[in-house]
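As a plain string of letters, each chain reads:
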Amino acid sequence: MRRGVVTGIGLTSPAGKTVDEFWKNLNEGRNFVVECDSMIDMGLKSSSHALIEDKSHLYKYSDKLDNFIKFGLYAGESAWKDSGLDIYSIQDESRIGLISSSAIGGTQTVADKFEELLVNDNIIFNNNDSHFYDSGMYHTLNVLLKRKLGIKGITTALSTGCTAGMDCLGLGFEEIIDGDLDICMIGASEAPLVNFTYATLDVIGCLSKNTSDYASCPFSLDRNGFVISEGSAFLVLEEYNHAKDRNARIYAEVEDFHSINNGNHMTNLKSDGLDMYELLNILFKKRKETTIDYINAHGSSTKQNDLFETEAYKKFFGKDIYKIPISSTKSMIGHSLSSASLFGCISAIMSIVTSKIHPTINLNNNDEKCDLNYVPNYSINKTVNNALVTASGFGGIHSAVILKKVKEEGE
């Protein structure tokens, strides 16, 4: 039986540009949400975002590339380097795949072009700039990464909204266990911090209206919306025996993945959590038990989502849920759309590796309906043999993955 394991991690995020920096900052419970001058100047109800403030590590890429491409190139190259793979030692490059995602693509480039047309009072757009076209194509990141790394296998770009990063992981995992690939790079990248993104999300009332030091407060009674963020995350997935044969460092194993669509509404979530409950039933049906050591929740800090997830967990795990630590990475780095679910996966992987669980910060005002152990404000030490990561997104999509500590064959 083929198995899929994680052998490389790369990222760039508000919390850092290396896995060690990212993990250290999360465990310290640092808040990376700050005031946004543009949102304040526009007079929006919301005024906070989470951004990658120091972008000096991206200077090596062309200024003409949209940030979502530069973020992805950096995270993808970092994951490949971290895996220790050498393209020249691989006999069949067609056995290496690449699957990436973005929810909204090159928003900075599109916004700049739109403003240019408005300033020039010119509604006729003649595109003679290939970089504008490249920024609008979600597949451009894959093309550039494949060219850089020499990958020749399947290439796919997904756009399933806020679950897309995890959906890439699921698709890559299936390609490996089905025998179509031996290695698959999967990732997600977003750079949505532009005025029209702020405005469109603000007008539908989904962004937090709290001050920046308390804007993202998942599961708190004071929560009232998420904080928009940016960043990219990539993983290298590899078939277990392929990784063992080259003595690769293995972070964790992907046990299983599943995704559903509730077929109900673009954004509304039922407070009873039944859709997520259904997803967990399907995901866990192959297992002999429902024991989980840690849950990294979607935890977006919206009224609907946090109650929805809480109720789903209660229905599925029963009384045992009160023994399971749950935390939200978004409490510190906000919601970076497609890459948010992969940041959650990386956090879960690092909990497995380090036996630490990062906190959910800003959890100071308890909501009696959200009464689980969300690891409030301070990290904890705990052996994590397996972890559940859940994600939800616009369009009614819900995805989940189980990650676990690697055991040798026969253990």
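Quick caveat: nothing in here was measured; it's all calculated off a predicted structure.

Caption draft 1: Representation of the packing of aromatic side chains in the model. For the structure on display, the rule yields six aromatic pairs. Ring geometry for Phe 219 and Tyr 374: centres 4.0 Å apart, planes at 5°, overall stacked. On the criterion of sequence distance, the pair formed by Phe 219 in the loop between α8 (195-203) and β7 (228-229) and Tyr 374 in the loop between β12 (356-357) and β13 (380-381) is long-range, its members being 155 residues apart. For the pair formed by Phe 219 and Tyr 374, the shared burial category is buried.

Caption draft 2: A look at the sheet that holds strand β15 (residues 397-404). With respect to topology, ten strands assemble into an open sheet ordered β5-β4-β6-β8-β1-β9-β15-β14-β10-β11, the strand pairing being mixed. Looking at strand neighbours, the two that pair on one side only are β5 (155-158) and β11 (326-327), the edges of this open sheet. Alignment of strand β4 (residues 96-101) against strand β6 (residues 183-190), held across six bridges, turns out to be parallel. Residue pairing across strands places Gly 97 opposite Cys 184, the latter belonging to β6.

Caption draft 3: How the structure looks around helix α13 (residues 340-354). In this model, α13 (15 residues) spans 21 Å end to end at C-alpha, consistent with the 21 Å of a helix rising 1.5 Å per residue. Counting buried residues in α13 gives 13 out of 15 residues, a clear majority hidden from the surface. Remark: Ser 355 follows α13 within two positions and exhibits a positive phi of approximately 60°.

Caption draft 4: Main features of the packing of helix α1 (residues 19-27) against α13. Packing of α1 against α13 brings their axes to within 11 Å, and their N-to-C directions diverge by 85°. Comparing the axis directions of α1 and α13 gives the class roughly perpendicular. Of α13, the residues touching α1 (which contributes Val 19, Phe 22, Trp 23 and Leu 26) are Phe 343, Ile 346, Ser 347, Met 350, Ser 351 and Thr 354. Class assignment for the residues of the contact of α1 with α13 results in seven nonpolar, three polar and no charged.

Caption draft 5: Region of interest: the pairing of strand β8 (residues 231-239). Most of β8 is tucked away: nine of the nine residues are buried. Of the two faces of β8, the one holding Gly 231, Ala 233, Leu 235, Leu 237 and Glu 239 and the one holding Ser 232, Phe 234, Val 236 and Glu 238 are both buried throughout. One ladder, built from eight bridges, connects strand β1 (residues 4-12) with β8; its direction is antiparallel. Paired with Val 6 across the bridge in β8 is Leu 237. In this sheet, β8 lies alongside β6 in antiparallel orientation, the contact comprising eight bridges.

Caption draft 6: Seen up close, empty space enclosed by the protein. This model, assessed by the stated rule, comprises one cavity of 30 Å³ or more. Here the largest cavity is characterised by a volume of approximately 60 Å³. In terms of lining residues, the largest cavity is bounded by Asn 296, Ala 297, His 298, Thr 329, Lys 330, Ala 340, Ser 341, Gly 344, Val 389, Thr 390 and Ala 391. Each residue belonging to the lining of the largest cavity can be placed in one class, and the counts come to four nonpolar, six polar and one charged.

Caption draft 7: Fine view of the pattern of salt bridges. Within the structure shown, the criterion is met by 18 salt bridges. Between Asp 182 and Arg 95 there is a salt bridge, with the nearest N and O atoms lying 3.0 Å from each other. Of this pair, Asp 182 sits in the loop between α7 (164-177) and β6 while Arg 95 sits in the loop between α3 (67-83) and β4, placing them 87 residues apart in sequence. Linked by salt bridges that have partners in common, Arg 2, Arg 95 and Asp 182 make up one network.

Scoring rules and cut-offs
Residues numbered from 1 in each chain as written. Predicted model: local features only at pLDDT ≥ 70, side-chain atom pairs only at ≥ 80, totals over all residues. Heavy atoms only, no water. Phe/Tyr/Trp six-rings, centres within 6.5 Å; stacked < 30°, edge-to-face > 60°. Helix = DSSP H or I, 4+ residues; strand = E, 2+ residues; numbered from the N terminus. Buried < 20%, exposed > 50% of the residue type's maximum accessible area, 1.4 Å probe, protein only. Pairing = 2+ DSSP bridges. Expected span 1.5 Å × (residues − 1). Axes fitted to C-alpha atoms, helices over the stretch in contact; angles between N-to-C directions. Parallel < 35°, antiparallel > 145°, perpendicular 65-115°, else oblique. Contact = heavy atoms within 4.5 Å. Nonpolar A, V, L, I, M, F, W, Y, C, P; charged D, E, K, R; others polar. 1 Å grid on protein atoms, 1.4 Å probe; cavity = no way out; pocket = protein on both sides within 12 Å on 5 of 7 lines; lining within 4 Å. Points joined across faces, edges and corners; volume = space filled by probe spheres on them. Salt bridge = Lys/Arg side-chain N within 4 Å of Asp/Glu carboxyl O.

Any functional reading would require information that these geometric values do not contain.
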